[in-house]
Amino acid sequence: MASFLLFEKMRNRLEIDLRDSDVAAFYSLLYFGEFLLKTTVLGMAAAVQEDRDRNRYRLLHGIVRTDGLGTWADALDDILTGPASQRLHPSARHEQKQLTQLVRDDSWQHKSVTLLSSCFPALGLEPPVLGTKLAGRQWFRLFAELRNKTRGHGAPKGSQCAKVFQTLEKSIESVATHFGLYERPWAVIHRNLSGKYRVIPLTSDESPFEDLRKSANHHLPDGTYVAFDQPARVELLGCDIDASDCLVANGAFDGKQYEVLSYITNDRRKLPADDYLTPVDALPPSETEGKGSLEAMGECLANLPTRSGRYVSRPELEEKLSAELRLERHLIITLTGAGGIGKTSLALEVLHRLTQPENRRFDVLLWLSARDVDLLSGGPKRVRPDVLSLEDIAGLYVQLVGPLDSSEHDRKPIDILASGLSKCGLGPTLFVFDNFETLVSPLEVFTWLDTYIRAPNKILITTRVREFVGDIPLDVPGMNEREADLLLRNVAEQLGITRLLTPPYIEEVYREAHGHPYVMKILLGEMAKAGRIVKPERIVASQEEMLTALFERTFAHLSPSAQKIFLLLCNWRSVVAEVLLLAVLLRPENERVDIEASLDELKRSSLVEGIPSPRDGQLFYSVPLAAMVFGRRKLSVSPMKASVEADSLLLQEFGPAKKEDVRSGVLPHVQWRLKRIALAAAPMREMQERNRGMLEFVAQRVPAVWLEIADFYMEIGGPYALGLAKDSLRRFLETPDGSVPVENVWRRMADLCRHSGDAAGEVQALVEMSNSPAITLAAISSAANRINEINRQLRRSGASVFDSQEKRILVRRVAEAMERRVKHFDATDCSRLAWLYLQLGDDVKARSLAARGLQLEPDNFHCRGLLDKKR
């Protein structure tokens, strides 16, 4: 017997209400039945596969708007025997049979219906007329009628409620415990920032969801799922993350929102109905729908749609695509880029050229479009896709090409397509799939196509989202300045607003749109309506439909960590260094995720732009205006809002930046932060508690930051801070980046050791400084003099710089480095090196250098004193 967690919660409520009164218990039982009916309809609707006629959407569209259970029962009949039944998942045929097959009185279906029917006369209602054989689906229609005549439009007495209670309970339990839908695995899933899922099982079997816990390669929206071979989302049935409560659609549609109700806790909420506002009527075809038959185009057969007469040439991209299509290798080519960036128009331009004799590479060009939204100048409009599934693709292929010989007449379309991919009888063929990401299970379709495609045939794909490998990707970015200028002037001429299009405004539109052609067209269209120049940000903020059309699908496909980073970048209108982003996101309070992979995901999706700094090579990220406005709207209702805002505050403490500031690199942002820490009431504590980890992380990527950190500690002073300053200098010296000469850093280290009374550390720093390749003779001479001075100071306390073999070897390195420049010595240099050799025990060299010094300067006091010194 199945145990469905949500039904167990309803049983718990029923037990509580039983202690109250017969009427309360009866109504609680009716709530259980309503919940069972609705859950059954929505669970079976999840088994209706996506199709061009949008059968599943049509069902949900009606359910959102209904206030009566009768419509729910109608929807179930549609799923079981109506138009939607043709798209039912094969594995759901078992449940379909359970509810549609006529059965006799030894079945649970017959028992459930007859028990429910017997409740009618006991409640003073006219009993339904039943046949000898009954179908399980009759129960749902009868229950809707019973509920409407009692709780909806009746007032049964307590005695009547008590009389039918057990019978009604047995009827409901018979369906709840025997219907195969609830023997399937159910679960509530929630994607963590790591990309893996938290799975809360609603049934004992959770095996179909196990891989979601282990792998980050799935892209399922959070929600309630039932497994029909693969997990299928149960829309309009939302469970809390811990499955403690469940809310189901409950009508009260007002044009913008609909109500959801918990039959477990009586909680009611209003949810936006945005996903269910598109009319269910047949949609018009896309502007780029392929022709219904192959026609002669140049020397090819093709069904290409007409290319736009307003196309702005993009020579570099066109040449790249043409070159790839001409090659025999690379059988699958993918044009990737944001929505409205120009992938389709670019492909059509190049493909139409391929039909010309001088460019001929293929005999057949097949255009198969999955586009479901046309981005028109007046805004985005929903359209009917040509294909949505592999079966649709195969059917359209057979329609266009047809069986080429009698042996193919009895073959399945999908087998004919497989043969055509390998070798088309009409000659070398290019298969073009436009808006590939709109397909149902695009990764599975890609894998199938990749299995069968063979040269000389090729495949061209346009897509916003690329999650497959094995193809050759060509990224389509925004237009360059020349292309954008030409586009803007052409559009302005069409709209009659050429007088408003000044060079500064062209520059502003290009900058704010990041060269996105559709966004630029919308900006000019709105300016034409206003009859005056309007700030781009104000226009974009008012274009909710455009933003949804451009970014919703891409955003929904992102991993949770990529979504969070995108929202974080959108929350602050500033370019942000990648290393600062990493430092903030890797703080202990945040969940560990692969941040760099998430940033790559955002770049591939064209939601962010990476700009390298010429100063330190660090990447800075910028979000286009339209994407930023979209992201801010998403953030306002995101469950990640609190976490994003906490990260934003830390990120903003590094100061703002514009694109032109990128050339200065990361260092100014670190200096900005350190200055503010230094101004805090307790700068050392502020540094240790909140900032040290982040700044040291940045320094590991940008070594020059270690020097800024060292300066901060030196300014604070004190033994502990000076010790941290020395540590910071050493960290820089471990991985110098060339931003500061190494000898200068060793000199700073020597000075720092001197101020902190660390004689051994100072000597070591002087030695290392002296052996730097670019060190000057003057610097080495000063180092030798300082070592001699340190030795004199130490001897007063009975110590010496030369009191061990290790120290003597260390100092000898200074002497040798200095001696290599002996031909440039003056008398003072000679005396300093001579004193070093004297302490090292090499009297001969010491006296020779002193003598050389006197030759250069006969009155040199230091050289004379060394020669006169008696040992």
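Report on the accompanying structure. What you see is a predicted model, and the numbers here were worked out from it, not measured in a lab.

**Concerning the overall build of the chain**
Phase 1: Looking only at helices and strands, the chain features 35 helices and 22 strands.
Phase 2: Relative to the globule expectation of 29 Å for 871 residues, the C-alpha radius of gyration of the chain, 38 Å, shows a markedly less compact shape.
Phase 3: In terms of its C-alpha atoms, the chain occupies a principal-axis envelope of roughly 135 × 80 × 60 Å.
Phase 4: Looking at the chain as a whole, 53% of its 871 residues qualify as buried.
Phase 5: Of the contacts formed within the chain by residues at least 6 apart in sequence, a portion of 68% connects residues at least 24 apart.
Phase 6: Here the chain has roughly 38700 Å² of accessible surface; of this, 49% comes from carbon and sulfur atoms.
Phase 7: Between the averaged position of the 113 positive side-chain charges in the chain and that of its 117 negative side-chain charges there is a distance of 4 Å.

**Side note on empty space enclosed by the protein**
Phase 1: Across all of its chains, the model carries two cavities of 30 Å³ or more by this definition.
Phase 2: Empty space within the largest cavity amounts to approximately 70 Å³.
Phase 3: Together, L193, S561, K564, I565, L585, N590, E591, V593 and I595 line the largest cavity.
Phase 4: Taken as a whole, the second largest cavity encloses approximately 40 Å³ of empty space.
Phase 5: Lining the second largest cavity, in full, are W572, V575, V576, A577, L580, F620, L651, F654, G655 and H669.
Phase 6: For the lining of the second largest cavity, the residue count by class is eight nonpolar, two polar and no charged.

**Notes on the sheet that holds strand β21 (residues 609–612)**
Phase 1: With respect to topology, three strands assemble into an open sheet ordered β20-β22-β21, the strand pairing being antiparallel. In this open sheet, the two edge strands, each paired with only one partner strand, are β20 (576–577) and β21.

**Description of the environment of A249**
Phase 1: Within the secondary structure, A249 is located in strand β8 (residues 246–249).
Phase 2: Residue A249 is classed as buried on the basis of its relative accessible area of 0%.
Phase 3: Separated by 111 residues in sequence, A249 and R360 place their C-alpha atoms 56 Å apart.
Phase 4: The residues touching A249, leaving out its near neighbours within four places in the chain, are K38, I63, W72, L236, Y258, E259 and V260.

**With respect to the state of the cysteines**
Phase 1: What the rule picks out here adds up to zero disulfides.
Phase 2: C239 provides the cysteine sulfur closest to C246, a residue in no disulfide bond, and the two sulfurs are 3.7 Å apart.
Phase 3: Judged by its relative accessible area of 0%, C246 is buried.

**A short note on the packing of aromatic side chains**
Phase 1: For the structure shown, the criterion picks out 23 aromatic pairs.
Phase 2: Between F433 and F436 the ring centres are 6.0 Å apart and the planes differ by 80°, which places this aromatic pair in the edge-to-face class.
Phase 3: Residue F436 is classed as buried on the basis of its relative accessible area, which comes to 1%.
Phase 4: One Lys or Arg, R65, reaches over the ring of F253 and ends 4.3 Å from the middle of that ring.
Phase 5: The positively charged end of R676 is found above the aromatic ring belonging to W672, 3.8 Å away from the centroid.

**Quick look at the nonpolar core**
Phase 1: In this structure, L524, F566, L581, L602, V666, Y713 and L836 are the most contacted members of the largest nonpolar core, which totals 139 residues.
Phase 2: Core analysis: the next-biggest nonpolar cluster, separate from the first, contains 84 residues, F4, L60, L99 and A243 among them.

**Observations concerning the layout of surface pockets**
Phase 1: Taken as a whole, the second largest pocket encloses approximately 1200 Å³ of empty space.
Phase 2: Considering the residues around the second largest pocket, the lining is formed by 50 residues, among which E287, L375, L376, Y518 and K521 are closest to the centre.
Phase 3: Of all the elements in the fold, those that place two or more residues in the lining of the second largest pocket are α11 (343–354), β15 (373–376), β16 (379–382), β18 (458–463), α15 (481–495), α17 (517–530) and α19 (544–557).
Phase 4: A per-element tally of the lining of the second largest pocket places α17 first, with seven residues.
Phase 5: Residue classes in the lining of the second largest pocket are distributed as 16 nonpolar, 18 polar and 16 charged.

**Observations concerning helix α12 (residues 390–401)**
Phase 1: Along its twelve residues, α12 runs 16 Å from first to last C-alpha, staying within 8% of the 16 Å computed at 1.5 Å per residue.
Phase 2: Taken across its twelve residues, α12 has nine buried, putting it largely inside the fold.
Phase 3: Restricting attention to buried positions, one finds in α12 the residues L390, D392, I393, A394, L396, Y397, V398, L400 and V401.
Phase 4: For α12, the elements touching its buried residues are β14 (364–369), α13 (413–422), β17 (429–434) and α14 (442–452).
Phase 5: At the C-terminal side of α12, G402 shows a positive phi close to 75°.

**A short note on the pattern of salt bridges**
Phase 1: Applying the stated criterion to the full structure yields 54 salt bridges.
Phase 2: The closest approach of N and O atoms between R553 and E437, which form a salt bridge, is 3.6 Å. In this pair, R553 is assigned in helix α19 and E437 in the loop between β17 and α14, connecting sequence segments 116 residues apart.
Phase 3: For E437, a relative accessible area of 12% gives the class buried.

Conventions and cut-offs
- Residues numbered from 1 in each chain as written.
- Predicted model: local features only at pLDDT ≥ 70, side-chain atom pairs only at ≥ 80, totals over all residues.
- Heavy atoms only, no water.
- Helix = DSSP H or I, 4+ residues; strand = E, 2+ residues; numbered from the N terminus.
- Rg over C-alpha atoms; globule rule 2.2 N^0.38 Å.
- Buried < 20%, exposed > 50% of the residue type's maximum accessible area, 1.4 Å probe, protein only.
- Contact = heavy atoms within 4.5 Å.
- Areas by Shrake-Rupley, 256 points an atom, 1.4 Å probe, with all protein chains shown as cover.
- Lys, Arg positive; Asp, Glu negative; His and termini not counted.
- Charge placed at Lys NZ, Arg CZ, Asp CG, Glu CD.
- 1 Å grid on protein atoms, 1.4 Å probe; cavity = no way out; pocket = protein on both sides within 12 Å on 5 of 7 lines; lining within 4 Å.
- Points joined across faces, edges and corners; volume = space filled by probe spheres on them.
- Nonpolar A, V, L, I, M, F, W, Y, C, P; charged D, E, K, R; others polar.
- Pairing = 2+ DSSP bridges.
- Disulfide = S-S within 2.5 Å.
- Phe/Tyr/Trp six-rings, centres within 6.5 Å; stacked < 30°, edge-to-face > 60°.
- Lys NZ or Arg CZ within 6 Å of the ring centre and 35° of its normal.
- Core = buried A, V, L, I, M, F, W, Y, C linked by side-chain atoms within 4.5 Å.
- Expected span 1.5 Å × (residues − 1).
- Salt bridge = Lys/Arg side-chain N within 4 Å of Asp/Glu carboxyl O.

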